[in-house]
Amino acid sequence: MPEGNEIHRWAERHTKAFVGKKLHVEAPGGRFADADAIDGKTLKKIHAVGKHLGYEFGPDAILHVHLGRYGDWTEGVGELPPVKGALRVRLSRKPTGRAAADEATTRHGWYSEDDGSTSLEPADVDWIELRGPSDCSLYDREQWKKLLARLGPDALNGDDPEPAFAKIARSKTPIAALLMDQSVLSGIGNIYRAELLYRARLSPFLAGKDVPRKTVEAMWNDSIPLLKAGMVDRRIVTTLPKHRPHSEGKPLKPEVHYVYRRHGKPCWVCGTKVQRQEMAGRSLYWCPTCQAE
DNA sequence: GCAAAATGTCAAG
DNA sequence: TTGACCTTTTGCA
């Protein structure tokens, strides 16, 4: 369930490990018919836009990956592991034989308690495996162009935010729905939208056109360091240190969100119960006091 | 052991 | 607006 930070993080890691190299591409479960078309080819470049990844083997051979809600990459060193689970595709290079495969050869995208590594540095990766994506298919240049055309600016790509500001300023749609709309802004998902709204102390229900331009700009500017930090940390931390109490009974686990998935619990700042409500099929979380209409 | 939930998107009606 | 789709993990029996 990755948002833009996770996507860009994978792009960075996979670039270090694989770009410029001839890759073995296979789909042992037969779940990706076009694997043969790029097997043995050199990976030219990896694109990351919003929540989309593109592994470019040629102008008309771009492996498009969208992780959707459940998709995840697994990576490892050394020999390929036995095929397990619903494996969609895997990419590998010749193992360099460097780090012998020990028990810690595989890593997942999701934050785990015991994972202290926050560095992107040594990309000691010989293979990656993809499970559960909503899309894994080969795009030609037209398909890739069309994809880009429908995506709004991505803060992690240094895009000009003006088109997004303009759309918001014209829209009657609630700001919380606009932030999730990938044609307005790309890369923001359910956690970032809830937390950006909280940090701006903005009501999720306010129509886009009624949000002051300064507030929209502030949220865009706020999103950049949060997304970048999310790439390094492998999780999304939005609470300021002074608002980051340690949860009871688990002294070492700081609370990292203001409102996301905290419904029914007291707001860290004012003590009001955090609310939850469906909006466009997704759970929206907010503090009715700090984010009053 | 099973149901429900989880950081998402697209297409059909 | 809804349903379909993809898979793993968590929580409750």
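Structural data are supplied above this passage.
Let me begin by describing the structure that accompanies this report. Just so we're clear, the structure is a prediction, and the values are computed from it rather than from any experiment.

**Thoughts on the nonpolar core**
Phase 1 of the analysis: One finds Ile175, Leu185, Tyr192, Leu197, Tyr198, Met219 and Val259 to be the most contacted residues of the largest nonpolar core, which totals 38 residues.
Phase 2 of the analysis: Counting residues per element, the ones that place at least two in this core are helix H4 (162-170), helix H5 (175-180), helix H6 (190-199), helix H7 (213-233) and strand E11 (282-286).
Phase 3 of the analysis: Among residues more than four places away in sequence, those in contact with Leu185 are Gly152, Pro153, Ala164, Leu179 and Trp220.

**Here's the deal with the protein's contact with DNA strand B**
Phase 1 of the analysis: Around DNA strand B, the surrounding shell holds 20 residues, and the nearest of these are Met1, Lys51, Arg150, Tyr260 and Arg282.
Phase 2 of the analysis: Contacts to DNA strand B include Arg150, whose side-chain N or O atom sits 2.3 Å from a phosphate oxygen.
Phase 3 of the analysis: At 2.3 Å from a phosphate oxygen of DNA strand B is found a side-chain nitrogen or oxygen belonging to Tyr260.
Phase 4 of the analysis: Counting residues per element, the ones that place at least two in the surface near DNA strand B are H6 and E11.

**Here we look at unusual backbone geometry**
Negative phi characterises most residues that are not glycine, and trans characterises most peptide bonds.
Phase 1 of the analysis: The backbone phi angle of Arg201 is positive, close to 55°, even though this residue is not glycine.
Phase 2 of the analysis: Backbone geometry places Arg261, a non-glycine residue, at a positive phi of 60°.
Phase 3 of the analysis: Within the element layout of this structure, Arg261 appears in the loop between H7 and strand E10 (275-279).
Phase 4 of the analysis: The exposure class assigned to Arg261 is exposed, which follows from its relative accessible area of 56%.

**Overview of the packing of aromatic side chains**
Phase 1 of the analysis: If you walk through the whole model with that rule in mind, you get 6 aromatic pairs.
Phase 2 of the analysis: Between Tyr198 and Tyr258, the ring centres sit 4.6 Å apart and the planes meet at 20°, which makes this aromatic pair stacked. Highlighted residues: Tyr198 in helix H6 and Tyr258 in the loop between H7 and E10, separated in sequence by 60 residues. Across this residue pair, the class does not change: Tyr198 and Tyr258 are buried.

**A look at the packing of H4 against H7**
Phase 1 of the analysis: Contact pair H4 / H7: the axes reach a minimum separation of 11 Å and the direction vectors enclose 140°. As far as their axial angle goes, H7 and H4 are oblique. When you trace H4 past H7, the crossing you get is right-handed. Here Glu162, Phe165 and Ile168 of H4 lie close against H7, whose contacting residues are Arg213, Val216, Glu217 and Trp220.
Phase 2 of the analysis: Here the contact of H4 with H7 is built from residues that sort into 4 nonpolar, no polar and 3 charged.

**Describing empty space enclosed by the protein**
To find leftover empty space, one rolls a probe the size of a water molecule over the atoms.
Phase 1 of the analysis: Enumeration according to the criterion identifies 1 cavity of 30 Å³ or more in this entry.
Phase 2 of the analysis: Approximately 120 Å³ is the volume found for the largest cavity.
Phase 3 of the analysis: Surrounding the largest cavity, 14 residues form its lining, Leu179, Leu185, Met219, Trp220 and Ser223 being those nearest its centre.
Phase 4 of the analysis: For the lining of the largest cavity, the elements supplying multiple residues, two or more each, are H4 and H7.
Phase 5 of the analysis: Considering every element that reaches the lining of the largest cavity, the biggest residue donor is H7, with 5 residues.
Phase 6 of the analysis: Of the residues assigned to the lining of the largest cavity, the class counts are 12 nonpolar, 2 polar and no charged.

Calculation rules
- Residues numbered from 1 in each chain as written.
- Chains lettered and ligands numbered in written order.
- Predicted model: local features only at pLDDT ≥ 70, side-chain atom pairs only at ≥ 80, totals over all residues.
- Heavy atoms only, no water.
- Core = buried A, V, L, I, M, F, W, Y, C linked by side-chain atoms within 4.5 Å.
- Buried < 20%, exposed > 50% of the residue type's maximum accessible area, 1.4 Å probe, protein only.
- Helix = DSSP H or I, 4+ residues; strand = E, 2+ residues; numbered from the N terminus.
- Contact = heavy atoms within 4.5 Å.
- Near = heavy atom within 4 Å.
- Polar contact = N/O pair within 3.5 Å; in protein donor to acceptor, adjacent residues only side chain to side chain.
- Phe/Tyr/Trp six-rings, centres within 6.5 Å; stacked < 30°, edge-to-face > 60°.
- Axes fitted to C-alpha atoms, helices over the stretch in contact; angles between N-to-C directions.
- Parallel < 35°, antiparallel > 145°, perpendicular 65-115°, else oblique.
- Left-handed = near helix turned anticlockwise from the far one by under 90°.
- Nonpolar A, V, L, I, M, F, W, Y, C, P; charged D, E, K, R; others polar.
- 1 Å grid on protein atoms, 1.4 Å probe; cavity = no way out; pocket = protein on both sides within 12 Å on 5 of 7 lines; lining within 4 Å.
- Points joined across faces, edges and corners; volume = space filled by probe spheres on them.

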